[in-house]
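# An overview of the molecular structure
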Amino acid sequence: MGRKSLYLLIVGILIAYYIYTPLPDNVEEPWRMMWINAHLKTIQNLVVGSFDEVPPTSDENVTVTETKFNNILVRVYVPKRKSEALRRGLFYIHGGGWCVGSAALSGYDLLSRWTADRLDAVVVSTNYRLAPKYHFPIQFEDVYNALRWFLRKKVLAKYGVNPERIGISGDSAGGNLAAAVTQQLLDDPDVKIKLKIQSLIYPALQPLDVDLPSYQENSNFLFLSKSLMVRFWSEYFTTDRSLEKAMLSRQHVPVESSHLFKFINWSSLLPERFIKGHVYNNPNYGSSELAKKYPGFLDVRAAPLLADDNKLRGLPLTYVITCQYDLLRDDGLMYVTRLRNTGVQVTHNHVEDGFHGAFSFLGLKISHRLINQYIEWLKENL
């Protein structure tokens, strides 16, 4: 073997090593998933902050405009075909760990176009200020203020939206924000128009227990590892890395907040098949110092699973997507259980071959499958 051939062989082996990740047998298109994961790793390693953003460009089916709702930048997608009746309205919140992403990302832009066109709905896709420059509750407040603006009668009239057919949706951190602002609306006497549905796509719903069965099983799965998720949670509240370290060692919750664990006790809230021999360990408790400095991680506006049953009873018709190979799986499963226990009507779509990000990677077959299911549910219920 010549020197050139040897070099090529070594380079090929290194590339294969960089790309290859063992995946479950039931996952579709494993090599495409690995390529996407390698691309994302490369972006992270090169510290490239510019993702694939696109301008607000109208097409033959949808008019796209960029404007501000209460000083928050949003994109509004309105179908071009004429409609004699008022349209549905959908308020969408992007994911990205509260740290990255925007409504301008090509994937979110395409999703909003498809939803607006196929649902014949006005879609508002909102931005919000990002961590680590901005911390909780800024992200929550940005989304809530933009939503309140949208729900004003004159704004709905401007876009031709039926005030009785408005929903909210979001994925991952966006699902967190969607769940949180939906709860907050229940207690807001100034908002007369209420949401008809909420649709939560693999939402992150609590940072108190990051040792759930799904965290243990998927701690190093593609696209969202445990270390990355804990980093996202921590930077949502502070750039102080001591919170991240305490979360990883399960020593961030003070004993005086021990009562909150009843809301996220997976031993009683997860269906038996997801427990699968995992043993529930009583929480470790840390000092009160972190909770006093960064109380956000104990705030229901950051952790919607901490809402009591009285709050949950008032929530609208709900759709939840969870994925088997997602460390946030059990957050969604526990929310489904708690909502159903309080009488909320829930449609739960558990994706056995799904993973975190499956809804957003539009080059994969599974993404189109999930989006079709999502839009069909919206058609039937919004």
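A quick note: this is a predicted structure, and the numbers were derived from the prediction, not measured.

### Some remarks on the overall build of the protein
Looking only at helices and strands, one finds 15 helices and 8 strands in the protein. The buried share of the protein, reckoned over its 382 residues, is 56%. Contacts in the protein between residues at least 24 apart in sequence constitute 76% of all its contacts with a sequence separation of at least 6. For the protein, the accessible area works out to roughly 16,700 Å², and carbon and sulfur atoms hold 53% of it.

### Digging into the sheet that holds strand 8 (residues 346-355)
A sheet is described by the order of its strands in space; here 8 strands give the open sequence 1-2-4-3-5-6-7-8, paired in mixed fashion. Each end of this open sheet is capped by a strand with a single partner; those strands are strand 1 (62-69) and strand 8. Within this sheet the neighbouring strands show an average axis-to-axis angle of 20°, counted without direction. As defined by bridge partners, strand 1 adjoins strand 2 (residues 72-79) across 8 bridges and the pair is classed as antiparallel. The residue bridging T63 from the neighbouring strand is V78, located in strand 2. In the packing of helix 6 (residues 173-185) onto the sheet, contacts are made with strand 3 (87-93), strand 5 (161-171) and strand 6 (197-201), and the angle to strand 5 comes to roughly 140°.

### Quick word on the packing of aromatic side chains
Evaluation of the coordinates by the stated rule reveals 20 aromatic pairs. The interplanar angle of 55° and the centroid separation of 6.3 Å between the aromatic rings of F69 and Y159 together place this pair among those described as tilted. Residue F69 is located in strand 1, and its partner Y159 is located in helix 5 (residues 153-159); the two are separated by 90 residues in the primary sequence. Across the pair, exposure class does not vary: F69 and Y159 are buried alike.

### Here's the deal with the pairing of strand 8
The buried fraction of strand 8 amounts to 7 of the 10 residues, a majority that puts the element mostly inside the structure. Note: strand 7 (residues 317-325) against strand 8, 7 bridges, orientation parallel. If you follow V320 over to strand 8, its bridge partner there is H348. One crossover worth recording links strand 7 to the parallel strand 8 by way of helix 14 (residues 329-341), and it is right-handed.

### Description of the environment of L105
As for its placement among the helices and strands, L105 is situated in the loop between strand 3 and helix 3 (106-119). Residue classification places L105 among the buried residues on the basis of a relative accessible area of 16%. Considering only alpha carbons, one finds L105 and H94, 11 residues apart in sequence, at a separation of 9.2 Å.

### A short note on the confidence of the model for the protein
Summarising the model, the protein shows a mean pLDDT of 90, and 87% of its residues fall at 70 or more. Under a pLDDT of 50 for its full length, residues 39-50 has, in the predicted model, 8 contacts with residues more than four places off or in other chains.

### Concerning the pattern of salt bridges
A complete count under the given rule lists 25 salt bridges for this structure. Measuring nitrogen to oxygen at the nearest pair gives 3.0 Å for the salt bridge that ties D59 to R113. With D59 in the loop between helix 2 (30-46) and strand 1 and R113 in helix 3, this residue pair connects regions lying 54 residues apart in the sequence. A residue is classified by how much of its surface remains accessible, and R113, at 10% relative accessible area, is buried. Connected through shared salt-bridge partners, D59, E66, R75, D109 and R113 make up one network.

### Quick look at the packing of helix 3 against helix 15 (residues 365-381)
With their axes 10 Å apart at the nearest point, helix 3 and helix 15 run at an angle of 40° to one another. Taken together, the axes of helix 3 and helix 15 are oblique relative to one another. As for how helix 3 packs across helix 15, the hand of that crossing is right-handed. Counted together, L111, W114, T115, R118 and L119 of helix 3 and H368, I371, N372, Y374, I375, E376, L378 and K379 of helix 15 form the full contact between these two elements. For the contact of helix 3 with helix 15, the class distribution of residues is 7 nonpolar, 3 polar and 3 charged.

### Details of helix 3
For helix 3, with 14 residues, the first-to-last C-alpha span of 19 Å sits near the 20 Å given by 1.5 Å per residue. All of the buried residues in helix 3 are Y108, D109, L111, S112, R113, T115, A116 and L119. Of the residues one or two after helix 3, D120 is the one with positive phi, at around 50°.

Thresholds, definitions, all that
- Here the residue numbers are simple positions, counted from 1 along each chain's written sequence.
- Where totals are concerned, whole chains, interfaces and linings use all residues; where local detail is concerned, this predicted model gives features only for residues with pLDDT of at least 70, and gives and counts side-chain atom pairs only at 80 or more.
- Excluded from the side-chain calculation are hydrogens and water; included are all heavy atoms of the structure.
- Secondary structure elements follow DSSP: runs of H or I of four or more residues count as helices, runs of E of two or more count as strands, with numbering from the N terminus.
- Throughout, exposure labels follow a simple rule: accessible area from a 1.4 Å probe, protein chains only, divided by the maximum for the residue type, with under 20% read as buried, over 50% as exposed, and the rest as partly exposed.
- Residue contacts follow a heavy-atom distance rule, with two residues in contact if any of their heavy atoms lie within 4.5 Å.
- Note that accessible areas follow from Shrake-Rupley with a 1.4 Å probe, and for residues the cover is restricted to the protein chains shown.
- In this analysis, strands are considered paired if DSSP registers two or more bridges between them.
- For helices, the axis comes from a line fit to the C-alpha atoms of the stretch in contact; other axes are also lines fit to C-alpha atoms, and the angle between any two N-to-C directions lies between 0 and 180 degrees.
- Each aromatic pair joins two rings of Phe, Tyr and Trp (for Trp, the six-membered one) with centres within 6.5 Å, and gets the label stacked for planes under 30 degrees apart, edge-to-face for over 60, and tilted for any other angle.
- Handedness of a crossover is defined as follows: with both strands directed away from the viewer, a clockwise route from the first strand across the helix to the second makes it right-handed.
- Confidence of the prediction at every residue is given by pLDDT, a number between 0 and 100.
- Here, a salt bridge means any Lys or Arg side-chain nitrogen found within 4 Å of an Asp or Glu carboxyl oxygen.
- In this scheme, roughly parallel covers angles under 35 degrees and roughly antiparallel covers those over 145, while 65 to 115 is roughly perpendicular and the rest are oblique.
- Working rule for handedness: look at the near helix, and if it is turned counterclockwise from the far one by less than a right angle, call the crossing left-handed; if clockwise, right-handed.
- When residues are sorted by character, Ala, Val, Leu, Ile, Met, Phe, Trp, Tyr, Cys and Pro go into the nonpolar class, Asp, Glu, Lys and Arg into the charged class, and all the rest, Gly among them, into the polar class.
- A helix is expected to reach a length of 1.5 Å times the quantity of its residues less one.

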